[in-house]
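# Observations on the model geometry
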Amino acid sequence: MAETIHRPGLDAQGFIEREGSLARVPHVFRPVVAAARDRLLDGFGARLHSAYLYGSVPRGTARVGRSDLDLLVALREEPTDADREAVRVLGESLDKEFSQIDGVGTLLYGRDRLLSDLERYDLAWFVACLCTPLLGDDLAEYLPRYRPDSLLARETNGDLALRLPRWRERIAGAGDSEDALRPLVRFMSRHLVRTGFTLVMPRWNGWTSDLREMAEAFGTYYPQRAAQLRGAAEYGREPVGDPDVLRSYVDDLGPWLAEEYARVHGAKAPRPDGP
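Residues numbered from 1 in each chain as written. Predicted model: local features only at pLDDT ≥ 70, side-chain atom pairs only at ≥ 80, totals over all residues. Heavy atoms only, no water.

## Quick word on the environment of Asp138
- By the element assignment, Asp138 lies in the loop between strand E4 (131-136) and helix H6 (150-157).
- Residues Asp138 and Met201, spaced 63 residues apart in sequence, show a C-alpha to C-alpha distance of 26 Å.
- Residues within four places of Asp138 in sequence aside, it is in contact with Arg18, Tyr52 and Pro133.
- Within the structure, Asp138 has its side chain in polar contact with the side chain of Arg18 (distance 2.7 Å). (Helix = DSSP H or I, 4+ residues; strand = E, 2+ residues; numbered from the N terminus. Contact = heavy atoms within 4.5 Å. Polar contact = N/O pair within 3.5 Å; in protein donor to acceptor, adjacent residues only side chain to side chain.)

## So, helix H9 (residues 211-221)
- Those residues of H9 that sit buried are Leu211, Met214, Ala215, Ala217, Phe218 and Gly219.
- In this fold, the buried residues of H9 make contact with helix H8 (178-204), helix H10 (226-237) and helix H11 (243-265).
- Of the residues that open H9, the one with a side-chain oxygen 3.0 Å from the backbone nitrogen of Arg212 is Asp210. (Buried < 20%, exposed > 50% of the residue type's maximum accessible area, 1.4 Å probe, protein only.)

## Describing the side chain of His191
- Along the polypeptide, His191 turns up in helix H8.
- The exposure class assigned to His191 is buried, which follows from its relative accessible area of 13%.
- Setting aside anything within four residues of it in sequence, one finds His191 in contact with Asn157, Leu160, Arg163 and Trp167.

## Quick notes on the packing of aromatic side chains
- For the structure on display, the rule yields nine aromatic pairs.
- Ring geometry for Trp167 and Phe187: centres 5.9 Å apart, planes at 65°, overall edge-to-face. Pair noted here: Trp167 is in helix H7 (residues 160-173) and Phe187 is in helix H8, with a separation of 20 residues, a long-range link.
- Aromatic rings pair up to connect Trp125, Phe197, Trp204 and Trp207 into one cluster.
- Across the ring face of Tyr142, the terminal group of Arg111 is positioned such that the distance to the ring centre comes to 5.5 Å.
- Here the basic side chain of Arg170 rests over the ring of Phe187, its NZ or CZ set 5.1 Å away from the ring centre. (Phe/Tyr/Trp six-rings, centres within 6.5 Å; stacked < 30°, edge-to-face > 60°. Lys NZ or Arg CZ within 6 Å of the ring centre and 35° of its normal.)

## Let's talk about the layout of surface pockets
- Size it by volume and the second largest pocket reaches roughly 170 Å³.
- Those elements that place two or more of their residues in the lining of the second largest pocket are H8 and H10.
- Each residue belonging to the lining of the second largest pocket can be placed in one class, and the counts come to two nonpolar, two polar and nine charged. (1 Å grid on protein atoms, 1.4 Å probe; cavity = no way out; pocket = protein on both sides within 12 Å on 5 of 7 lines; lining within 4 Å. Points joined across faces, edges and corners; volume = space filled by probe spheres on them. Nonpolar A, V, L, I, M, F, W, Y, C, P; charged D, E, K, R; others polar.)

## Re the packing of H7 against H8
- For the pair H7 and H8, interaxial distance at closest approach is 12 Å and the crossing angle is 165°. Looking at the two axes, H7 sits roughly antiparallel to H8. In the packing of H7 onto H8, the handedness of the crossing is left-handed. Taken together, the residues of H8 that come into contact with H7 (itself represented by Leu160, Arg163, Trp167, Arg170 and Ile171) are Leu184, Phe187, Met188, His191, Leu192 and Thr195. (Axes fitted to C-alpha atoms, helices over the stretch in contact; angles between N-to-C directions. Parallel < 35°, antiparallel > 145°, perpendicular 65-115°, else oblique. Left-handed = near helix turned anticlockwise from the far one by under 90°.)

## Let's talk about H10
- Look at H10: 17 Å from first C-alpha to last across 12 residues, which is about the 16 Å you get at 1.5 Å a residue.
- Within H10, the full set of buried residues consists of Ala226, Leu229, Ala232, Ala233 and Gly236. Take H10 and look down its axis: the buried residues cluster within an arc of 125°, on one side only.
- Summarising the contacts, the buried residues of H10 are in contact with H8, H9 and H11. (Expected span 1.5 Å × (residues − 1). Arc of directions from axis to C-beta.)

## As for the nonpolar core
- Residues Leu72, Leu114, Trp125, Tyr146, Trp207, Leu246 and Tyr249 are the most contacted members of the largest nonpolar core, which totals 59 residues.
- Among all residues touching Tyr249, those that are not within four sequence positions of it are Leu164, Val185, Met188, Ser189, Leu192, Ala232, Tyr235, Gly254 and Pro255.
- Formed by 25 residues, the second largest nonpolar core is a distinct cluster that contains Ala36, Ala62, Val87 and Leu94. (Core = buried A, V, L, I, M, F, W, Y, C linked by side-chain atoms within 4.5 Å.)

## Structural notes on the pairing of strand E3 (residues 104-110)
- Relative to E3, strand E2 (residues 69-75) runs parallel, the two being bridged by seven bridges. Paired with Leu71 across the bridge in E3 is Thr106.
- After leaving E2, the chain enters helix H3 (residues 81-97) and then returns to the sheet as E3, a path that is right-handed. (Pairing = 2+ DSSP bridges. Right-handed = clockwise from strand over helix to strand, strands pointing away.)

Pasting the structure below:
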């Protein structure tokens, strides 16, 4: 009889467990989280449905001066351009004030979109499994539980082919300075590693948000591409402002990964506003 391997990130029934908690936020980052909470309340008031932390801070793995603060904000109605500008300004102010973090990333959506059928296996899954409640009514209470299956893989990262042309535009417009290229390397490295991981996630049958663990899981099934994804995992943690790295992503690894993803899981359902 084949031995059953118990993968991380799943409960006893095989559902993905919600990662992170406010209790895991390292002490040094708690003033940043408190400031973010208060400023979101001040900025949106009754229009704010709920707010969440995600990423390394609520997982307890954030590194002082290296990690960014990741937020997801749900409004009671669809956000406006003014709302998007408000969260951009809020993020800039937090980044300048607190040396503990290296940037702030904020996702902003309306409650109805997050609970829509179209987003059931993408943004809704993200809230239910990867986000830690910070303010308001937790949307996870209205959502199903999720398994690491092919449907989830398709709907989370099955749009890489649509993203690559935009990535090329961003690279072309960034110039040659290391300061401009480094954030792109970090962002694209992380995205490619996560896409590589979800490509094999149903076969691996588990969940992790650790970039190195993701790359190792991928390499089990695609040894010919393992070194590339391991390299991307390191650049996701310690980015460099190297244009050659970015070119390798959009000219080689990215196109191969997009084609293989479509072959294995199919393409993500189209969104009205694109990927």
